[in-house]
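Spelled out from the first residue to the last, the chains are:
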Amino acid sequence: MADQKTLGERLAEHGVSRRAFVKYASWLGSLMALPPATSRAMAAELAKAKRQSVIWLSFQECTGCTEAITRSKGPTLEDLIFDFISLDYHHTLQAVSGEAIEEARHAAMKENKGKYVVIVDGSVPMKDGGIYSTTAGHSNYDTLMETVKDAFAVISVGTCAAFGGIPKANPNPTGAVSIGDLVKDKPVINIPGCPPIPEAMTGTVAYLLSFGKVPELDHLGRPKAFFGENIHDRCYRRPFYERGQFARGFDDEGARNGWCLYEVGCKGPTTYNACATMKWNGGVSFPIQSGHGCLGCSEPDFWDKGGFYVPLSASIGPTAKLVGGAALAGAVAGVAAAAVARHRKSSLNKG
Amino acid sequence: MATEIVEEARTAAAIAVGERLARLYGDIAERSMRDLPVSNPKLRVEAVGFHDDGVRVVGIVVTPWFMNVVIAASPLGPAPVAAPPGSTATHDLPSGTYDFVVGEIADFGRLDSLSLFSPMFEFDDPEVARATAEAAMAELRRAPEPQPPAPKEKPVLDRRALLFGRPARDEAPGP
């Protein structure tokens, strides 16, 4: 249950100094491209915040998202975030079971009415009355709608919760839908990925906790701080692409030399995520660095986009063409401005 | 007078850098890219808006498979700070700060790139691609509107206004 101590007080109990905490907040702020003054404000707000009640619902999923979030490099403050939030319900991590845990969920909802955050991983089956996934005798749909009723915000972690993911893949036998398809009256933040980058999950939670509001999102509901640029544009192998140096197989000279993986199906150009910059396992590596193309796992319907080893081509690229003629000047100005703005660091981020 | 001559020399050198890059990428287009589906056969290689900004050469390279803002050392300027290929180099331009990917081209040397479009499936007309590159360069060279000074670090800090330029103080948290 949420207690009355502030995060700052709890940190002190854990032997974490204020300085270490400010440093952590600055790091988190830099990940989210916040200006330094805002990062310091974030540290101050975070230290003052009460433990946030979080209810974590798992539906049609593989528990990979939970695996990812629990395996962020420790012991860092990310791990301690789990001491700061009050995780009142989580199938994999909870100690109690049965009636007791369902009671705990109801108690958390009542006690923190309008303030708790619901994190969901997994999609919701809608076919045949939702019988394909149930907990405590209730369909996922019923559990979701009951739980989000008095929530402050909902975070869909993983591609299944954000976009339907693998359960929704053709032929979608369970009629799986995303959380955003069902929850329309609350802010829903999507943190897709299969699984998502742990810091994208903890960073978004910390942002919500410190500022009490939803970070800036893209057209698919993803925080722009983590999903603003595509993998291809920031890939360390990008210079090979520009020079026309491509691996044609996973055992050829190009693959051995670390050339671009476009021709073996890399989906980097159409995938928006922070893998190329933040990387995984505490910044050690990411799929392309390990020699495999990007699967595009943080994009809707990535499972059904023509095969992981089929190169992207014009037929699966954007269909809207920029055409010439009278409207040219206006059209290209907008498109060019958007292309530039995608990469511009916040002018507040300097200094 | 002397300044003008130097200025002219720098501009000519920058344009020459653009032409050289266009030649090199033209060779790559012929040699390696021609039959690849990622290459858009309707487009051509062009160097757009190459200029010397006083320190280095900035321009846009348009090819059938990408459109990049590129930064190279000016033949008349200082050498760039060394960085390994594939790493990130942060550059200030009049419109803001951008992270470029450090690269190298044979017979040229260090070239930092910022991707605008890649691949180039949006385009089917070289004139449109060129016009887009020109518009992007104009956008990059446009200084932003002056911003009000950042508020001091105090609890009264209006984060909403600071972050998003919205005067949303005293609103209920969240939408």
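What you see is a predicted model; the values in this text were computed from it and never measured. (Residues numbered from 1 in each chain as written. Chains lettered and ligands numbered in written order. Predicted model: local features only at pLDDT ≥ 70, side-chain atom pairs only at ≥ 80, totals over all residues. Heavy atoms only, no water.)

J.: Before we go on, may I ask you to explain the overall build of chain B in this structure?
T.: Helices and strands together make up the secondary structure of chain B, namely three helices and six strands. Along chain B, helices and strands appear, N-terminal first, in the series α-β-β-β-β-β-β-α-α. In chain B, buried positions account for 50% of the 175 residues. Excluding contacts between residues fewer than 6 apart, the proportion of contacts in chain B whose partners are at least 24 apart in sequence is 54%. Surface accessibility of chain B: about 8900 Å² in total, with carbon and sulfur atoms responsible for 55%. (Helix = DSSP H or I, 4+ residues; strand = E, 2+ residues; numbered from the N terminus. Buried < 20%, exposed > 50% of the residue type's maximum accessible area, 1.4 Å probe, protein only. Contact = heavy atoms within 4.5 Å. Areas by Shrake-Rupley, 256 points an atom, 1.4 Å probe, with all protein chains shown as cover.)

J.: So what exactly am I meant to see when it comes to the overall build of chain A here?
T.: Counting secondary structure elements, chain A contains 15 helices and nine strands. The buried share of chain A, reckoned over its 351 residues, is 55%. When contacts within chain A are restricted to residue pairs at least 6 apart in sequence, those whose partners lie at least 24 apart make up 77%.

J.: Hey, could you run me through the side chain of R238 of chain A in this one?
T.: As for its position among the elements, R238 of chain A is in helix α12 (residues 238-242). Discounting residues that sit within four places of it in the chain, R238 of chain A has contacts with H232 and D233 of chain A together with F66, N68, S115, F117 and S118 of chain B.

J.: In this structure, what is going on with the packing of helix α3 (residues 36-48) of chain A against helix α10 (residues 198-211) of chain A? I would like to understand it.
T.: A pair of packed helices can be characterised by two numbers: the angle between their axes and the separation between those axes. Residue and element names in this part refer to chain A. Remark: α3 packs on α10, axes separated minimally by 8 Å, with the N-to-C direction vectors making an angle of 75°. Looking at the two axes, α3 sits roughly perpendicular to α10. Of the residues in α10, those in contact with T38, M42, E45 and L46 of α3 are A206, Y207, L209, S210 and F211. Here the residues of the contact of α3 with α10 sort into six nonpolar, two polar and one charged. (Axes fitted to C-alpha atoms, helices over the stretch in contact; angles between N-to-C directions. Parallel < 35°, antiparallel > 145°, perpendicular 65-115°, else oblique. Nonpolar A, V, L, I, M, F, W, Y, C, P; charged D, E, K, R; others polar.)

J.: When you look at the confidence of the model for chain B in this model, what are you seeing that I'm missing?
T.: Regions with low pLDDT carry predicted coordinates that are not meant to be interpreted in detail. Residue and element names in this part refer to chain B. Here chain B shows a mean pLDDT of 86. Residues at 70 or above account for 83%. Overall, residues 168-175 carries pLDDT values under 50, and its contacts beyond four positions in sequence, including any with other chains, amount to 15 contacts. For this predicted complex, the interface score ipTM comes out at 0.80, alongside a pTM of 0.84. (pLDDT = per-residue confidence, 0-100.)

J.: Sorry if this is basic, but what is going on with the pairing of strand β5 (residues 96-105) of chain B here?
T.: Successive residues of a regular strand alternate their side chains across the two faces of the sheet. Residues and elements named next belong to chain B. Within β5, nine of the ten residues are buried, which leaves the element mostly enclosed by the surrounding structure. Hairpin connection from strand β4 (residues 88-93) to β5: two residues lie between these consecutive antiparallel strands. Of the pairings in the sheet, the one linking β5 to strand β6 (residues 109-117) comprises five bridges and is antiparallel in character. Looking across to β6, one finds that G103 is bridged to L111. Where β5 hands over to β6, the hairpin turn is made up of three residues, of which D107 adopts a positive phi near 65°. (Pairing = 2+ DSSP bridges.)

J.: Can you walk me through the nonpolar core in this structure?
T.: The nonpolar side chains of soluble globular proteins are, as a tendency, buried together. All names here are of chain A. I119, I155, L208, F286 and I288 are the most contacted members of the largest nonpolar core, which has 52 residues in total. Among the elements that make up this core, the one with the highest residue count is α10 (eight residues). Residue-level mapping places this core at the junction of two domains, with at least three residues from each of domain 1 (50-226) and domain 2 (231-304). In contact with I288, not counting residues within four places along its chain, are I231, C235, Y236, R237, L261, C266, G293 and C294. (Core = buried A, V, L, I, M, F, W, Y, C linked by side-chain atoms within 4.5 Å. Domains from an automatic or database assignment.)

J.: Honestly, the pattern of salt bridges in this entry has me stumped. Any pointers?
T.: Side-chain pairs of opposite charge can arise where the charged atoms are in close proximity. Residue and element names in this part refer to chain B. As enumerated under the stated definition, the model contains 21 salt bridges over all chains in all. In this structure, the salt-bridge partner of D52 is R10, at a minimum N-O distance of 3.0 Å. Of the two residues, D52 is situated in strand β1 (residues 46-52) and R10 in helix α1 (residues 2-33); the sequence distance between them amounts to 42 residues. When the shortest N-O distance is used, the salt bridge between R44 and E127 registers 3.0 Å. Note that R44 is positioned in the loop between α1 and β1 and E127 in helix α2 (residues 126-141), a separation of 83 residues in sequence. Looking at R44, the relative accessible area reads 39%, which means it is partly exposed. (Salt bridge = Lys/Arg side-chain N within 4 Å of Asp/Glu carboxyl O.)

J.: Hey, could you run me through empty space enclosed by the protein in this one?
T.: Empty space among the atoms becomes visible once a probe the size of a water molecule is rolled across them. Residue and element names in this part refer to chain A. Counted according to the given criterion, the structure contains three cavities of 30 Å³ or more. Taken as a whole, the largest cavity encloses approximately 100 Å³ of empty space. Together, H232, C235, R237, R238, Y241, C260, L261, Y262, C266, P269 and I288 line the largest cavity. Of the residues in the lining of the largest cavity, the class split is eight nonpolar, one polar and two charged. (1 Å grid on protein atoms, 1.4 Å probe; cavity = no way out; pocket = protein on both sides within 12 Å on 5 of 7 lines; lining within 4 Å. Points joined across faces, edges and corners; volume = space filled by probe spheres on them.)

J.: Could you clarify how one ought to interpret the sheet that holds β4 of chain B in this entry?
T.: Hydrogen bonds between backbone atoms are what pair the strands of a sheet, whose relative direction is either parallel or antiparallel. All names here are of chain B. Spatial strand order, β1-β2-β3-β6-β5-β4: six strands in an open sheet with antiparallel pairing. Because the sheet does not close on itself, it has two edges, and the strands there are β1 and β4. The sheet shows a mean angle of 35° between the axes of neighbouring strands, direction not considered. Across the sheet, α1 is in contact with β1, β2 (56-62), β3 (67-73), β5 and β6; its angle to β1 comes to roughly 155°. α2 contacts β1, β2, β3, β4, β5 and β6 of the sheet and is inclined by roughly 20° relative to β1.

J.: Quick question: what am I supposed to make of unusual backbone geometry here?
T.: The general pattern is negative phi for most residues beyond glycine and trans for most peptide bonds. Across the junction of C194 of chain A and P195 of chain A, the peptide omega takes the value 0°, indicating a cis bond. Looking at the secondary structure, you find P195 of chain A in the loop between β9 (188-191) and α10. Residues S118 of chain B and P119 of chain B are joined by a peptide bond in cis, for which omega reads -10°. Topologically, P119 of chain B is positioned in the loop between β6 and α2.

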